[in-house]
Amino acid sequence: MKFVTNILNRRAFVALAAASMLAGVLHSAPASAADVTIPIIVKDTTSFYWQIVLAGARKAGKDLGVNVPELGAQAETDVNGQISILENAVAGTPAAVVIAPTEAKPIDEAATKVKIIGIDSGADSKAFTSFLTTDNIQGGRVAADGLAAAIGEANGGKIEGDVALITALPGAGSLEQRAQGFKEQLAAKYPGLKLVADKYADGQATTGLNIATDLITANPNLKGIFASNLIMAQGVGQAIAENSLAGKVGLVGFDSDEKLIKFLNDGVISALVVQDPYRMGYDGIKTALAASKGEKVEANVDTGANLVTKANMKDPKIDALLNPKLD
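Because the structure is a prediction, the values reported are computed rather than measured.

**Q** Summarise the packing of helix α2 (residues 48-64) against helix α10 (residues 277-292); cite the residues concerned and give the values.
**A** Interhelical geometry of α2 versus α10 gives an angle of 40° and a closest axis separation of 6 Å. Taken together, the axis directions place α2 and α10 in an arrangement best described as oblique. α10 is crossed by α2, and the crossing has right-handed handedness. On α10, the residues that touch Tyr49, Ile52, Val53, Ala55, Gly56, Ala57, Lys59, Ala60, Gly61, Asp63 and Leu64 of α2 are Pro277, Tyr278, Met280, Gly281, Tyr282, Ile285, Lys286 and Leu289. Grouping the constituent residues of the contact of α2 with α10 by class yields 13 nonpolar, three polar and three charged.

Here it is as structure tokens:
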């Protein structure tokens, strides 16, 4: 009996030791993708554009098995709000953070603790592990070409007259780059077009409406306007519609939503420069996951800009950009 007892005790000891070793292996094994958290922080969770970005990130989270908290301020003007959101996100020790930044300084600080993947808007920081964005200077050039084409079509092929630029907010990197590209293209290719107004608004559509109305009143030779983001395009489009100037004053906007698509269909808007926000969200999370694993990722990725007109808006590629799946 004592012999049997000793055998059982030895077996129990071996089993216990094996269990301890297995527990140690499991404890030291890397977490599964489902345990990985990568927050995405956008500028304005209420905006249709940013909802598309979030939809892309959400789909990436499902495909990759990653937890993706969807964060952001309630308005693009709430810079301090985004900074607080970033600080809180980093405090949660995520695997990485994806952000459309409004300021560079908080990025520099956050990047000392976690890998930061930037999307959409450039910021003057070298702390990003990767940046996925539209080439906004090129987007401005595309807008100038679209506006010139619209003016020529409305004026018997003559590309001449006064044009205006309306920017939603001063100091926003992506908007300043769009303005730069627009002005450079006008100077390089369209000497007959004179930029008579370069206006900044406060991020509100009603302000864009008022600025455009004043410009229309003060400039009888006004032939075109570039409204460099979605909100400004809404306001300026309203001004064009209210003054019955569809087809007479060309308007190129940036980005799209249901209102702008209707304006495009109705001829109020001549063209839209459309980015690929869904891809930014999806590939932002995908890149962040790869970076968090120590994999090499591209430092800069151009996600493209497309000129959308009434003539090409039904093309499959363009239709997918205008009507993304938000599931």
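Next comes the rest of the account.
**Q** Just give me the short version of the environment of Asp255, but keep the residues and values in it.
**A** Mapped onto the secondary structure, Asp255 falls in the loop between β9 (250-254) and α9 (258-266). For Asp255, a relative accessible area of 6% puts it in the buried group. A sequence separation of 22 residues divides Asp255 from Pro277, and the C-alpha atoms of the two residues are 9.2 Å apart.

**Q** Provide a residue-level description of unusual backbone geometry, including the pertinent values.
**A** Glycine aside, residues mostly have negative phi angles, and peptide bonds mostly take the trans form. Positive phi, close to 50°, is recorded for Ser244, a residue that is not glycine. Along the chain, Ser244 turns up in the loop between α8 (230-242) and β9. Overall, the relative accessible area of 53% leaves Ser244 in the exposed class. In the Ramachandran plot, Asp255 falls in the positive-phi region, its phi being about 75° despite a non-glycine side chain.

**Q** Any chance you could break down the sheet that holds strand β1 (residues 40-42) for me, citing the residues and the numbers?
**A** The strand order across the open sheet formed by six strands is β2-β1-β3-β4-β5-β11, and the pairing between neighbours is parallel. Where the open sheet ends on each side, the last strands, each with one partner, are β2 (70-72) and β11 (300-302). Averaged over all neighbouring strand pairs, the angle between strand axes comes to 20°, with direction disregarded. The pairing of β1 with β2 spans three bridges and is classified as parallel.

**Q** Give me the sheet that holds strand β10 (residues 271-274): which residues, what numbers.
**A** Strand order in the open sheet formed by six strands is β7-β6-β8-β9-β10-β12, with mixed pairing between adjacent strands. A single partner strand is all that each edge strand has here, and the edge strands are β7 (193-200) and β12 (306-308). The average undirected angle you get between the axes of adjacent strands in this sheet is 20°. Sheet analysis places β9 next to β10, joined by three bridges and oriented parallel. Of the residues in β10, the one forming a bridge with Val252 is Ala271. Helix-sheet contacts for α8 involve β6 (161-167), β8 (222-227) and β9, and the interaxial angle to β9 is about 160°.

**Q** Would you mind going over the packing of helix α7 (residues 205-218) against α8 in detail, with residue names and values included?
**A** Two elements in contact, α7 and α8, have axes separated by 7 Å at closest approach and are oriented at 45°. Judged by the angle between their axes, α7 and α8 are oblique. Helix-helix and strand crossings are classified by hand; for α7 and α8 the assignment is right-handed. Residues Ala205, Gly208, Leu209, Ala212, Thr213 and Ile216 of α7 lie in contact with α8, whose contacting residues are Ile231, Met232, Gln234, Gly235, Val236, Gln238, Ala239, Ile240 and Glu242. Of the residues in the contact of α7 with α8, the class split is nine nonpolar, five polar and one charged.

**Q** Give a description of the pairing of β9 that names residues and reports values.
**A** For β9, a buried count of five out of five residues is recorded, marking the element as mostly surrounded by other parts of the structure. What you see with β9 is no split at all: Gly250, Val252 and Phe254 on one side and Leu251 and Gly253 on the other are buried throughout. Here β8 pairs with β9 via three bridges, running parallel. When the sheet's bridge partners are listed, Gly224 is paired in β9 with Gly250.

**Q** An account of the nonpolar core is requested, with residue identities and associated values reported.
**A** In globular proteins that are soluble, nonpolar side chains generally tend to be buried together. Formed by 64 residues in total, the largest nonpolar core has its most connected members in Ile38, Ile40 and Ile225. Top element by residues in this core is α10. It accounts for seven residues. Beyond its immediate sequence surroundings of up to four residues, Ile38 is in contact with Val66, Asn67, Val68, Pro69, Ala95, Ala96, Val97, Val98, Ile285, Ala288 and Leu289. In terms of nonpolar packing, the next biggest core, distinct from the first, is built from 18 residues, Val142, Tyr190, Leu193 and Ala271 among them.

**Q** Account for the side chain of Asn306, with residues named and values stated.
**A** Summarising the element assignment, Asn306 is placed in strand β12. Residue classification places Asn306 among the buried positions, given a relative accessible area of 16%. Every residue in contact with Asn306, bar those within four places of it in the chain, is listed here: Leu272, Val273, Val274, Lys317, Ile318 and Leu321.

Definitions and cut-offs
- Numbering of residues starts from 1 in each chain and follows the order in which that chain's sequence is written.
- For this predicted model, a pLDDT threshold of at least 70 governs which residues receive local features, and a threshold of 80 or more governs which side-chain atom pairs are given and counted, while totals over whole chains, interfaces and linings are taken from all residues.
- Calculation of side-chain values draws on the structure's entire complement of heavy atoms; hydrogens and water are dropped beforehand.
- Here the axes come from fitting lines to C-alpha atoms, over the contacting stretch only for helices, and the angles between their N-to-C directions go from 0 to 180 degrees.
- Secondary structure elements follow DSSP: runs of H or I of four or more residues count as helices, runs of E of two or more count as strands, with numbering from the N terminus.
- Roughly parallel means an angle under 35 degrees; roughly antiparallel means over 145; roughly perpendicular covers 65 to 115; every other angle is labelled oblique.
- Left-handed describes a crossing in which the near helix is turned anticlockwise from the far one by less than a right angle; the clockwise case is right-handed.
- Every residue pair with non-hydrogen atoms within 4.5 Å of one another is taken to be in contact.
- For this classification, the nonpolar set comprises Ala, Val, Leu, Ile, Met, Phe, Trp, Tyr, Cys and Pro, the charged set comprises Asp, Glu, Lys and Arg, and every other residue, Gly included, is treated as polar.
- Relative accessible area decides the class of each residue, using a 1.4 Å probe on protein chains only: under 20% of the type maximum gives buried, over 50% gives exposed, and in between gives partly exposed.
- Here the rule is simple: two strands pair whenever DSSP picks up at least two bridges between them.
- Nonpolar cores were defined as sets of buried Ala, Val, Leu, Ile, Met, Phe, Trp, Tyr and Cys residues, with membership established by side-chain atoms within 4.5 Å.

By themselves, these observations are geometric and do not establish any function.
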